[in-house]
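This is what each chain is made of:
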Amino acid sequence: VPHMRRWINMDAFAEGFLPAMIVDEERLALAKRRGCTIGGAAGMAVIFNAPIGGLLYMVEEVSIASWTSEMTLRAIMCTVMTCLSTQALLNMCGDDIRQFVVWEDERANVRLWHWGDIPVIVVVASVLGALSTVYIKALLCVFSLRMRWAASRVGFRGCYPRAARALEVALYAAVCGLVSFVVAFAARCQKKQDWGISEGVEMLCAEGEFNPIATLLFKPPEDGIKSLYSQENSARMYIRDLALVLVAYSALNIGMMGLAVPMGSFIPFMFVGAVAGRLVGHLIAMLSLSFALAAPGFYALVGSAALLAGSLRQTLSVVVFLTESINQLEAIPPLMLAVFVSHMISQCISKHGLDEHLILRKQLPYLDVELPVSLDSARVTAADLCGGRLPAVAQLPPRATVGAVRRALAAREDLACFPVVDGRVCVGLVTRRRLQAALDCRVSAVEELNGRALGATVGPNAETTNVGGASPGRASMRRQRSAADGDDAGVDPEVYMPRFFHTDSLVGAELDARRPDDCVLPVHRVMDAAPHMLLCNTPAPRLYPLFAQLGISAACVANSRGEFYGVLTRAMVVERTVHAQDSPPHQPFVVDVELGDDGSFDGSPSSATGSALSAERQRTSELEARVRELEALLRQSGDAAAALPDASGAGSPAPQGDVHSAPAAQEVLRAPPADGRDEADGDSMRDSPASGVTIQL
């Protein structure tokens, strides 16, 4: 993209021209995210002929916190143009968009659902919501096993990985065909006119009949979904056939997870839910109840909505998709009820849906909109997340040598952003890609000059060297000697050296020294001179939205005096978030204990946070006994004043005691120092009128 890249002069003295191509990574990443979002909305709109559903689907995928009004306008225009183009192409081919409608107005005058269906819908949605989590677990287990086997690199797969992947796909396709063929033997042939269809798989059936299991398994899932949603064949599907299709299709879909082929999740979940709902509808129809209920095709629709909501955690978009597909607005209330119940049940069992689990398994840099519970505390700060101070070799000055840049890149290979420090203040951040581009440009220029002989004569007709990706046509930038100088005896290299290089810096320093590592690289020209700044004590709930919603890639962490402390990148936040989600939430038990000026304890806690103190009296008494023991130990050591300072921050002298027990008591009660934080961060604690210490168990 032209407006996202620019040429930067990397000549150390800015008198020559040494171009390096620099790309704005943040703008490029934002443009890619927007492009994927708009393309996804258009694709979903075309597949289901549901423009509004496609738009809402991407809104729920991206989350409303990252969705802007500008994105809405672009997505609407893209979906409108896509749907109109599809309509035009279909009309040119003699078809119509109504072929995409799953369920047309077959029974327009018949009520779709009754009040007696509400309890059944709640039960079906609850069961499918719980089963959706089991379905997801099975998919993830197969995915993990196949990924581990792919990473093993043993035998034939290690020697021919591509051929092994292609062979695996071919073998599994054969397995799918064999299983579907075997299952189709158990089907009962039915007449095509009973189903109202003209095409069907006539495997093992007479003329004019078709095999319903083979039709559902061998035909595209879209055709099977139309048959399952239809109300014209309400009493013409056998329960045994539906059960076999449900088991076979679900098993084959689970086993396909992780193959080297494109695999969607929306249509398979929609199909499995439709089969399960249709099966429940036929079971209810067998009861012959006295009150009216909906047709089995309507329960197939409810089953699709429930399984989609429980597996993909989509809510409003699922309702709109199915409503636009069946062209029946009357189905909106029961569909919303099914989606709500299924989503709540699955959310109670597992927090994430299939897409989020796959993102975590693939270790993609993904941040959820909500901060994990274990990090939602003021105790977790920016200094804790960034992992301490960076080594000095990873901190670059505004004008660094090539050797210093190389050492910084090699010292922290996991760091995507490096600080530019002037003194003790961070003046900017530079990404690894920008540093590598500037370094390659500078090194290539030095190697080009070092390849020339030092005493070579450069003729007046010499071509200008194009170094570092410089665009052609820059020969006009050469410093040519005017005709008035008129020196026919020889040519001055200073005059006819291409203007890409400043001869004082490159020829004098680099060619004579023949050491490219000593060349100066102007890092300040490629850095971000206005980075995001965070204080060391910034709590995690305050900084998390910067990375999750605004999408920043890195921020500079400084202490209270503005001095550089570290760099907090998006990858660090993602790693800490994943670790927090895997570990169970920890609820600390905190008691503020008031101490006297001499360090004495009066035996009763002054305050407590949480309801655990009032609910568990026994834990409180145990805590008090522990504090008394520690107080006695400190008094014996004679160093209680040093371990428990008074309100003024100065320790009072204490009599000498048992010197062997003092280190143990201090190790228990002494607060752990902040990792690498300077004294300025502790001034506020010493100056604050605190009259006690906080003990956390």
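All figures in this text were calculated on a predicted structure; none of them were measured in a lab.

**As for the pattern of salt bridges**
Counted by the stated rule, this structure contains five salt bridges. For arginine 412, the salt bridge identified is with aspartate 414, shortest N-O distance 3.0 Å. Judged by relative accessible area, which is 58%, aspartate 414 ranks as exposed.

**Observations regarding the confidence of the model for the chain**
A residue-level look at the chain finds 69% of positions with pLDDT of 70 or above and a mean pLDDT of 74. Looking at the elements of the chain, mean pLDDT is at its lowest for helix H19 (residues 493–496), recorded as 31, and at its highest for helix H14 (residues 332–349), recorded as 95. Counted against residues more than four places away or in other chains, residues 585–616, with its pLDDT under 50, gives 63 contacts. Here residues 639–697 is a poorly scored stretch, pLDDT under 50, and it has 77 contacts once near neighbours within four places are set aside; other chains count.

**Section: the environment of glycine 177**
As for its placement among the helices and strands, glycine 177 is situated in helix H6 (residues 161–184). With a relative accessible area of 31%, glycine 177 lands in the partly exposed category.

**Considering the state of the cysteines**
By the definition in use, this model includes one disulfide. Bridging cysteine 189 to cysteine 205, the disulfide has an S-S length of 2.0 Å. Its torsion about the S-S bond being -85°, the disulfide of cysteine 189 and cysteine 205 is classed as left-handed. Of this pair, cysteine 189 sits in the loop between H6 and strand E3 (190–191) while cysteine 205 sits in the loop between helix H7 (192–195) and strand E4 (209–210), and the two are 16 residues apart along the sequence. With relative accessibility at 17%, the residue cysteine 205 sits in the buried group. As a non-bridged cysteine, cysteine 536 has cysteine 386 as the owner of its nearest cysteine sulfur, 6.8 Å distant. Relative accessible area serves as the criterion here: at 1%, cysteine 536 is assigned to the buried category.

**Points about the sheet that holds strand E11 (residues 564–569)**
Spatially, E9-E10-E11 is the arrangement adopted by the three strands of the open sheet, whose pairing is mixed. On the outer flanks of this sheet lie strand E9 (532–535) and E11, each paired with one strand and no other. Across the sheet, the mean angle from the axis of one strand to that of its neighbour is 30°, orientation sign disregarded. Packing against the sheet, helix H21 (residues 540–548) makes contact with E9, strand E10 (554–558) and E11, and its axis sits at approximately 50° to E11.

**Considering helix H3 (residues 69–92)**
Its 24 residues place the ends of H3 35 Å apart at the C-alpha level, agreeing with the 34 Å of an ideal helix rising 1.5 Å per residue. Here H3 has its buried residues at Met71, Ala75, Thr79, Cys83, Thr86 and Leu90. Looking at the buried residues of H3, the elements they touch are helix H1 (25–48) and helix H2 (51–62).

**Re a nonpolar patch on the surface**
Taken together, the side chains of Leu178, Phe181, Val182, Phe185, Leu204 and Phe218 define a hydrophobic patch exposed on the protein surface, amounting to about 600 Å² of accessible area. Of all the elements, H6 adds the most residues to the nonpolar patch, at three residues. By the element assignment, phenylalanine 181 lies in helix H6.

**Comments concerning the nonpolar core**
With 78 residues, the main nonpolar core has Tyr229, Phe266, Met270 and Phe298 as its most contacted residues. Residues within four places of phenylalanine 298 in sequence aside, it is in contact with Leu112, Trp113, Ile121, Ala331 and Pro334. Counting 56 residues, the second largest nonpolar core, distinct from the first, contains Leu375, Val380, Leu396 and Leu429.

**Some words on helix H11 (residues 266–285)**
Taking 1.5 Å of rise per residue, the 20 residues of H11 would be expected to cover 28 Å, and the 28 Å separating its terminal C-alpha atoms lies within 8% of that figure. Most of H11 is tucked away, with 17 of its 20 residues classed as buried.

**Section: the environment of valine 46**
You can see valine 46 is positioned in helix H1. A C-alpha to C-alpha distance of 9.8 Å links valine 46 and valine 80, two positions 34 residues apart in sequence.

**Some details on the packing of aromatic side chains**
In the structure shown here, the tally under the stated rule is eight aromatic pairs. Between the aromatic rings of tyrosine 57 and phenylalanine 266, the centroid separation amounts to 5.8 Å while the plane-to-plane angle is 80°, which identifies the pairing as edge-to-face. Here phenylalanine 266 lies in helix H11 and tyrosine 57 lies in helix H2, a separation of 209 residues in the sequence. One exposure class covers both tyrosine 57 and phenylalanine 266, and it is buried. Connected via pairs of aromatic rings, a cluster forms that spans Tyr57, Phe266 and Phe321. A cation over a ring is seen here: arginine 111 above tryptophan 113, with NZ or CZ 5.6 Å from the ring centre. The ring of tyrosine 238 carries arginine 188 above its face, with NZ or CZ at 4.9 Å from the centroid.

The rules behind the values
- Residues numbered from 1 in each chain as written.
- Predicted model: local features only at pLDDT ≥ 70, side-chain atom pairs only at ≥ 80, totals over all residues.
- Heavy atoms only, no water.
- Salt bridge = Lys/Arg side-chain N within 4 Å of Asp/Glu carboxyl O.
- Buried < 20%, exposed > 50% of the residue type's maximum accessible area, 1.4 Å probe, protein only.
- pLDDT = per-residue confidence, 0-100.
- Helix = DSSP H or I, 4+ residues; strand = E, 2+ residues; numbered from the N terminus.
- Contact = heavy atoms within 4.5 Å.
- Disulfide = S-S within 2.5 Å.
- Pairing = 2+ DSSP bridges.
- Axes fitted to C-alpha atoms, helices over the stretch in contact; angles between N-to-C directions.
- Expected span 1.5 Å × (residues − 1).
- Patch = residues over 30% accessible without salt bridge, like charges linked within 9 Å, V, L, I, M, F, W, Y side chains within 5 Å.
- Areas by Shrake-Rupley, 256 points an atom, 1.4 Å probe, with all protein chains shown as cover.
- Core = buried A, V, L, I, M, F, W, Y, C linked by side-chain atoms within 4.5 Å.
- Phe/Tyr/Trp six-rings, centres within 6.5 Å; stacked < 30°, edge-to-face > 60°.
- Lys NZ or Arg CZ within 6 Å of the ring centre and 35° of its normal.

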